[in-house]
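Okay, here's what each chain looks like letter by letter:
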Amino acid sequence: MSTPLLDFDDVVCGYGDTMVLRGLAGAVGAGRVLGVLGRNGVGKTTLMRALSGFLPLQRGRVTLEGRDLARVPPQQRLAAGMAYAPQEDVVFGDLSVSENLWLHLRGRDGQRYAACLEAFPRLAERMQQRAGSLSGGERKLLSFTRTLGLRAPLSILDEPTEGVQPENIERMARLVAARKADGASFVIVEQNLQFLLSVADDILAIDHGECSLAGPASELPRETLEAHLVV
Ligand SMILES: Nc1ncnc2c1ncn2[C@@H]1O[C@H](COP(=O)(O)OP(=O)(O)OP(=O)(O)O)[C@@H](O)[C@H]1O
Ligand SMILES: [Mg+2]
């Protein structure tokens, strides 16, 4: 097999003396989606922080296009090809929706966000409104839109559908599928199994910071996956 876009191996990390992840491994090829699932508190977000560089590894390795990311700080990872939409604190509440979308970009190429804004007209209508006045689900849509608009080879989405209305969740799945068709890759943490299975090629389930199940999504029975979400 050719070198995967993202590869991580033996990832061990945590907070202070508390070790959360105990040696996780995975890989994401070009145009593929790795779905990450597990019950609350098992370490899904911690893995996303480890992959995006916000949390230093105590052990292990993360590579993107064969490049070891150990010395690439989080703010340089977008230039290296990795975009990250965290689970919490997804937008700048005091800035407008428009400012949230354009703040970090030099040019204003409207095409960047066209597909998402067409899919989420409520967001398009609220361009001049404070992002902090949006509902939790709308803020998630704004974060999703911003991240997809970056057109990074790899996007990390931590529970993108949390609080989002069902019809918009279906649109999110279609937008992810369109990016996949263009060769983009994703790591997506989700509790919404229907959404995850509509986009994921491979699954990594986590329990107590360890891999409890991994494999192609099409080969894992739905009941088995559901069992990894239930408390
Ligand atoms: N900043 C932090 N400092 C200390 N411990 C933390 C911190 N963030 C998370 N933890 C702990 O690490 C463990 C894993 O948390 P994490 O947020 O990665 O879980 P999760 O699988 O994303 O959960 P959820 O489904 O609720 O989002 C938990 O025991 C949590 O309490
Ligand atoms: Mg989490």
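This section reports on the structure supplied with the text.

Parameters and conventions
- Residues numbered from 1 in each chain as written.
- Chains lettered and ligands numbered in written order.
- Predicted model: local features only at pLDDT ≥ 70, side-chain atom pairs only at ≥ 80, totals over all residues.
- Heavy atoms only, no water.
- Helix = DSSP H or I, 4+ residues; strand = E, 2+ residues; numbered from the N terminus.
- Rg over C-alpha atoms; globule rule 2.2 N^0.38 Å.
- Buried < 20%, exposed > 50% of the residue type's maximum accessible area, 1.4 Å probe, protein only.
- Contact = heavy atoms within 4.5 Å.
- Areas by Shrake-Rupley, 256 points an atom, 1.4 Å probe, with all protein chains shown as cover.
- Lys, Arg positive; Asp, Glu negative; His and termini not counted.
- Charge placed at Lys NZ, Arg CZ, Asp CG, Glu CD.
- Phe/Tyr/Trp six-rings, centres within 6.5 Å; stacked < 30°, edge-to-face > 60°.
- Disulfide = S-S within 2.5 Å.

A count of helical and extended segments in the protein gives nine helices and ten strands. Computed over C-alpha atoms, the radius of gyration of the protein comes to 17 Å, within 12% of the 17 Å expected from 2.2 N^0.38 for 231 residues, which places it in the range of a compact globule. In terms of principal-axis extent, the alpha carbons of the protein reach across some 45 × 40 × 35 Å. Put simply, the protein has 231 residues, and 52% of those count as buried. Nonlocal contacts in the protein, meaning residues at least 24 apart in sequence, comprise 69% of its contacts between residues at least 6 apart. For the protein, the accessible surface area stands at approximately 11200 Å², while carbon and sulfur atoms represent 47% of it. On the protein, the mean spot of the 25 positive side-chain charges and the mean spot of the 28 negative ones are 5 Å from each other.

Evaluated as defined, the whole model comprises three aromatic pairs. An angle of 40° between the planes, with centres 5.7 Å apart, marks the rings of Phe54 and Tyr84 as tilted. Taken as a pair, Phe54 in the loop between helix H1 (44-52) and strand E4 (59-64) and Tyr84 in strand E6 (residues 82-85) lie far apart in primary sequence, 30 residues in all. Classification of Phe54 by relative accessible area gives exposed; the value is 52%.

The next thing to look at is the state of the cysteines. Under the definition given, this model contains zero disulfides. Free cysteine: Cys211, not disulfide-bonded; nearest cysteine sulfur from Cys13 at 16 Å. Classification of Cys211 by relative accessible area gives partly exposed; the value is 40%.

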